[in-house]
Amino acid sequence: DGGITQSPKYLFRKEGQNVTLSCEQNLNHDAMYWYRQDPGQGLRLIYYSQIVNDFQKGDIAEGYSVSREKKESFPLTVTSAQKNPTAFYLCASSTVTNQPQHFGDGTRLSIL
Amino acid sequence: GQQLNQSPQSMFIQEGEDVSMNCTSSSIFNTWLWYKQDPGEGPVLLIALYKAGELTSNGRLTAQFGITRKDSFLNISASIPSDVGIYFCAGQIAGNQFYFGTGTSLTVIP
């Protein structure tokens, strides 16, 4: 079945550590996105990529980094510079950036 | 980023009742989307709207693209327990990213 796979479902991080969240899609979509979801705040855009080897900062990119070396994959690294990383992280993709996005099932990141 | 005001924030209704929620913005949007999110999962696209005044249905769900292009509405008829979840609107200004509302949490009481 085509879809977006995020892993792991739950992730725990010690303070000062970098962690990488995985997002893979087999929908042949060009555009991919990372959002952060906090209670009562909706979805906020961290980074997006319109095409392989290209990505742009969203509204809350500080403390995060991404790469887009393959069309299917858009991993997100939460760096130690992100002071409040505990959140639910959602990856999405679309055929192009002006089309509706389809979401993965998310990764919940917690700080130990 | 753009602010999308979604209301109400939460709703508690009896099974069988109809539901209405809306999303407003100070900006003009070219596209409106409505998503539903179940706990611990990603949002699922319900309806996409592309023209001012457009009215689109998906089963018991009906959504409208407001005439002013600054708002959108979602109605659910004859609610059932599986309608429980958080409903998000999302709007897009031409060529730009989608902006999401803060969500309406729906509880259906059997």
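You'll find the structure just up there.
This structure is a prediction, so every number in the text was calculated from the model and none was measured.

Caption draft 1: Region of interest: the sheet that holds strand E7 (residues 64–66) of chain A. All names here are of chain A. With antiparallel pairing, four strands are arranged side by side in an open sheet as E1-E3-E8-E7. Each of the sheet's edge strands pairs with one partner strand only, and the pair in question is strand E1 (4–7) and E7. On average, adjacent strands in this sheet sit at an angle of 20 degrees to one another, irrespective of strand direction. As paired elements, E7 and strand E8 (residues 76–78) share three bridges and run antiparallel to each other. Bridge pairing in E8 places Ser 65 opposite Thr 77.

Caption draft 2: Focus on the packing of aromatic side chains. Taken as a whole and judged by the stated rule, the model has ten aromatic pairs over all chains. Each residue in the set A:Tyr33, A:Tyr35, A:Tyr48, A:Phe103, B:Tyr35 and B:Phe100 is aromatic and connected to the rest through ring pairs, giving one cluster.

Caption draft 3: Up close: the state of the cysteines. All names here are of chain A. By the definition in use, this model includes two disulfides over all chains. Across the disulfide, Cys 23 is cross-linked to Cys 91 (sulfur-sulfur distance 1.9 Å). Between Cys 23 and Cys 91, the S-S torsion sits near -75 degrees, and that sign places the bridge as left-handed. Taken together, the positions of Cys 23 in strand E3 (residues 19–25) and Cys 91 in strand E9 (residues 87–94) put the pair 68 residues apart, joining distant regions of the chain. Note on Cys 91: relative accessible area 0%, which makes it buried.

Caption draft 4: Examining the interface of chain B and chain A more closely. Taken together, the contacts link 20 residues of chain B with 19 residues of chain A. Three residues, B:Gln97, B:Phe98 and B:Phe100, lead the burial of chain B against chain A; their summed loss comes to 30% of the area buried on that side. Our count for the chain B to chain A interface comes out at zero salt bridges. The interface formed by chain B and chain A holds six residue pairs in polar contact (both at pLDDT 80 or more) in total. For the side of chain B that touches chain A, the secondary structure elements donating two or more residues are strand E4 (31–37), strand E5 (44–49), strand E9 (85–92) and strand E10 (98–100) of chain B. Grouping the amino acids of the side of chain B that touches chain A by side-chain chemistry returns ten nonpolar, nine polar and one charged.

Criteria and cut-off values
- Residues numbered from 1 in each chain as written.
- Chains lettered and ligands numbered in written order.
- Predicted model: local features only at pLDDT ≥ 70, side-chain atom pairs only at ≥ 80, totals over all residues.
- Heavy atoms only, no water.
- Pairing = 2+ DSSP bridges.
- Helix = DSSP H or I, 4+ residues; strand = E, 2+ residues; numbered from the N terminus.
- Axes fitted to C-alpha atoms, helices over the stretch in contact; angles between N-to-C directions.
- Phe/Tyr/Trp six-rings, centres within 6.5 Å; stacked < 30°, edge-to-face > 60°.
- Disulfide = S-S within 2.5 Å.
- Buried < 20%, exposed > 50% of the residue type's maximum accessible area, 1.4 Å probe, protein only.
- Contact = heavy atoms within 4.5 Å.
- Buried area = accessible area lost by both parts, 1.4 Å probe.
- Salt bridge = Lys/Arg side-chain N within 4 Å of Asp/Glu carboxyl O.
- Polar contact = N/O pair within 3.5 Å; in protein donor to acceptor, adjacent residues only side chain to side chain.
- Nonpolar A, V, L, I, M, F, W, Y, C, P; charged D, E, K, R; others polar.

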